[in-house]
Structure formats: structure tokens, C-alpha cells
Amino acid sequence: MMRAFWLILIFAVGGAIKIPAEQNLARQSQARAALSLGEKFREGALLASLSGLRALAANVLYIEAHVAWEQTQWARMLLLFRQVTALQPGVVLFWDTAAWHMAWNASAAALNDSREPRVALRVRRQREFIEIGRQFLVRGIELNPNQPQLHEALARLYRDKLHDHTGASDSFARAAALPGAAAYDERFSAYELSYCEGMEADAYERLRQLYQRGERERLPTLLARIHALEEKLGVPNADRVIR
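Residues numbered from 1 in each chain as written. Predicted model: local features only at pLDDT ≥ 70, side-chain atom pairs only at ≥ 80, totals over all residues. Heavy atoms only, no water.

**Student:** Mind showing me how you'd approach the overall build of the protein chain here?
**Tutor:** Scanning the protein chain from terminus to terminus reveals eleven helices and zero strands. Ordered by position from the N terminus, the helices and strands of the protein chain form the series α-α-α-α-α-α-α-α-α-α-α. Scored against the burial criterion, the 243 residues of the protein chain give a buried share of 44%. Residue pairs at least 24 apart in sequence account for 59% of intrachain contacts in the protein chain once pairs closer than 6 positions are excluded. Approximately 12800 Å² of the protein chain is accessible, and the part contributed by carbon and sulfur atoms is 56%. (Helix = DSSP H or I, 4+ residues; strand = E, 2+ residues; numbered from the N terminus. Buried < 20%, exposed > 50% of the residue type's maximum accessible area, 1.4 Å probe, protein only. Contact = heavy atoms within 4.5 Å. Areas by Shrake-Rupley, 256 points an atom, 1.4 Å probe, with all protein chains shown as cover.)

Dropping the structure here:
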């Protein structure tokens, strides 16, 4: 009976905040409004946590966020994910999923929004959503520093969305240093470093070390990056790995 009561309360709170939020967002850029309003609704989520049903409340709101995604209600989805991560900050899935939806799905929708004829504004909104996704991962890492999944997700965001090879290399390296990291994290860190201007020599040394571990590491991308660096660094033929 009590569980039903709290479920009703959660949905009532969600419905109460939805109306003023949507009215306000109708008057502003969706991305900018989400950035400014997100922290305000964190308090509502924290109030729900006082019930002692943090996990249940987070799961219910997570489902609501999924529905908001299906309906392309990006601002509402952001508000819900802020509540979810406030309620259950130790759940890696929530941070990872929130960042994915904002940096990939919402940003793509903003860039391809046919209702906005100004390309520059679409690009700005795209970047804002990517930054929101990055902020989710940074905050998630602050609260869960030993979770390689979050460091890897941040590395992919730097690589694929921000084209920041230095940031990607550093994040992959942090993931690789943690227990439970994927076997490819170390290799990907070296790949990304090989694209960084001024870091070619360090990247080449790391790639050579991977190559020397044996056939399992000698994947096509590894060989291609070694060859590219040997050309760029002018490594003598006699000293090259790829001849």
C-alpha cells in the first residue's frame, strides 16, 4: 500500500514540474533552458529520496526518461535524467545512458532540426547538447572514479563528438588503468595519441610496445598507425617495424 502511495507521489511530482518546465522551455532555446533549469529540478528528485525508496524512484523516472526520448522531448528527458542520477549516483548505467542520449541523440536531432533554418543556431544547439553529455560523464566520474565504463564513455565522446584526440587518449588511458577495463582501452589510448601534434614520438613508442607483445596485438589499425608514424618521424628502414 505504501509503495503504491509513493509511486503515485512520484508521478504527481513529475506531472507538477512538467507543466511549468514546458511552458518556460517554449519561450527559450531548448538546450539553454535545459542547462539552466536542470539544477533546479534536482531538489525535487532529492525530496523523493527521503522516502527511502531511492532505487524505486530512480527506476520509475528512468522509464519516464526513456519515454521522453521516444517522444523526442529532450529538455524533459534531461530533467528526468538529472533526477535519476541524483537519486542513484552510484549506478553507472544511469550516467552513461544520460550522456549517450544528450551527446548523441539530442545533439543529432538539434543539428537536423528542419524547423530551424539557421544552420549556425543548429550547430550551437548541437554543441550545447554534447557539452551536457560531457558534464554527465565528468560528474559521474567524480562520484565513481574507479568505474572504467565511464572513463571509456568519456573517451568516446572526446573522440567521436569533440574530435579531441588528447582528451580521448587520456580518458582511454584512465580506463585502461582500472580493474575490469576492456582489453582495447590501452590500445585505443595509443591510437588517439598518435593523432596528437607533437606527441608522435611518445605514441610511436607505445605502439611499438603493443606490437612487441605478440600477434594478438598486431591488428590492422595498430599496423597502420605504426606505419603512418614511421613515415612522419622519418624512421630509418632498418629500424622500422613495418617495412
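**Student:** Would you explain the side chain of Glu152 in this entry?
**Tutor:** As for its placement among the helices and strands, Glu152 is situated in helix H7 (residues 148–160). Once you skip the residues sitting within four places of it in the chain, Glu152 turns out to touch Phe172, Ala175, Ala182, Tyr184 and Asp185.

**Student:** In this structure, what is going on with empty space enclosed by the protein? I would like to understand it.
**Tutor:** One water molecule sets the probe size; rolling that probe over the atoms shows where empty space is left. One pass over the structure, following the stated rule, counts two cavities of 30 Å³ or more. Here the second largest cavity is characterised by a volume of approximately 40 Å³. Lining the second largest cavity, in full, are Asp96, Ala99, Trp100, Trp104, Ala153 and Arg156. Residue assignment for the lining of the second largest cavity shows that the elements contributing at least two residues are helix H5 (92–111) and H7. Per-element accounting of the lining of the second largest cavity gives the leading share, four residues, to H5. Among the residues forming the lining of the second largest cavity, the class breakdown is four nonpolar, no polar and two charged. (1 Å grid on protein atoms, 1.4 Å probe; cavity = no way out; pocket = protein on both sides within 12 Å on 5 of 7 lines; lining within 4 Å. Points joined across faces, edges and corners; volume = space filled by probe spheres on them. Nonpolar A, V, L, I, M, F, W, Y, C, P; charged D, E, K, R; others polar.)

**Student:** Whenever I open this one, the pattern of salt bridges confuses me. Can you help?
**Tutor:** Pairing is possible between side chains of opposite charge, provided their charged atoms come close. This model, assessed by the stated rule, comprises 13 salt bridges. Across the salt bridge formed by Asp113 and Arg115, the nearest N and O atoms sit 3.0 Å from each other. Taking relative accessible area as the criterion, Asp113 reaches 15% and is therefore assigned buried. Between Arg159 and Asp160 there is a salt bridge, with its nearest N and O atoms 2.8 Å apart. Beyond isolated ion pairs, a larger network of salt bridges with shared partners links Glu197, Glu200 and Lys232. (Salt bridge = Lys/Arg side-chain N within 4 Å of Asp/Glu carboxyl O.)

**Student:** Looking at this model, I keep getting lost on the packing of helix H4 (residues 74–87) against helix H6 (residues 119–143). Mind explaining?
**Tutor:** Between two packed helices, the angle of one axis relative to the other and the distance separating the axes together describe the packing. Contact geometry for H4 and H6: axes closest at 12 Å, N-to-C directions at 10°. Accordingly, the angle class assigned to the pair H4 and H6 is roughly parallel. Here Trp74, Leu78, Phe81, Arg82 and Thr85 of H4 come into contact with H6, specifically with Phe129, Ile132, Gln135 and Phe136. Looking at side-chain class alone, the contact of H4 with H6 contains six nonpolar, two polar and one charged residues. (Axes fitted to C-alpha atoms, helices over the stretch in contact; angles between N-to-C directions. Parallel < 35°, antiparallel > 145°, perpendicular 65-115°, else oblique.)

**Student:** Would you mind going over H7 with me for this structure?
**Tutor:** An α-helical turn contains 3.6 residues, so any two residues separated by three or four positions project in the same direction. End to end, H7 covers 18 Å across 13 residues, agreeing with the expected 18 Å (1.5 Å per residue, within 8%). Residues of H7 that are buried: Pro148, Leu150, His151, Glu152, Ala153, Leu154, Ala155, Leu157 and Tyr158. Buried positions along H7 lie against H5, H6, helix H8 (165–176) and helix H9 (185–193). (Expected span 1.5 Å × (residues − 1).)

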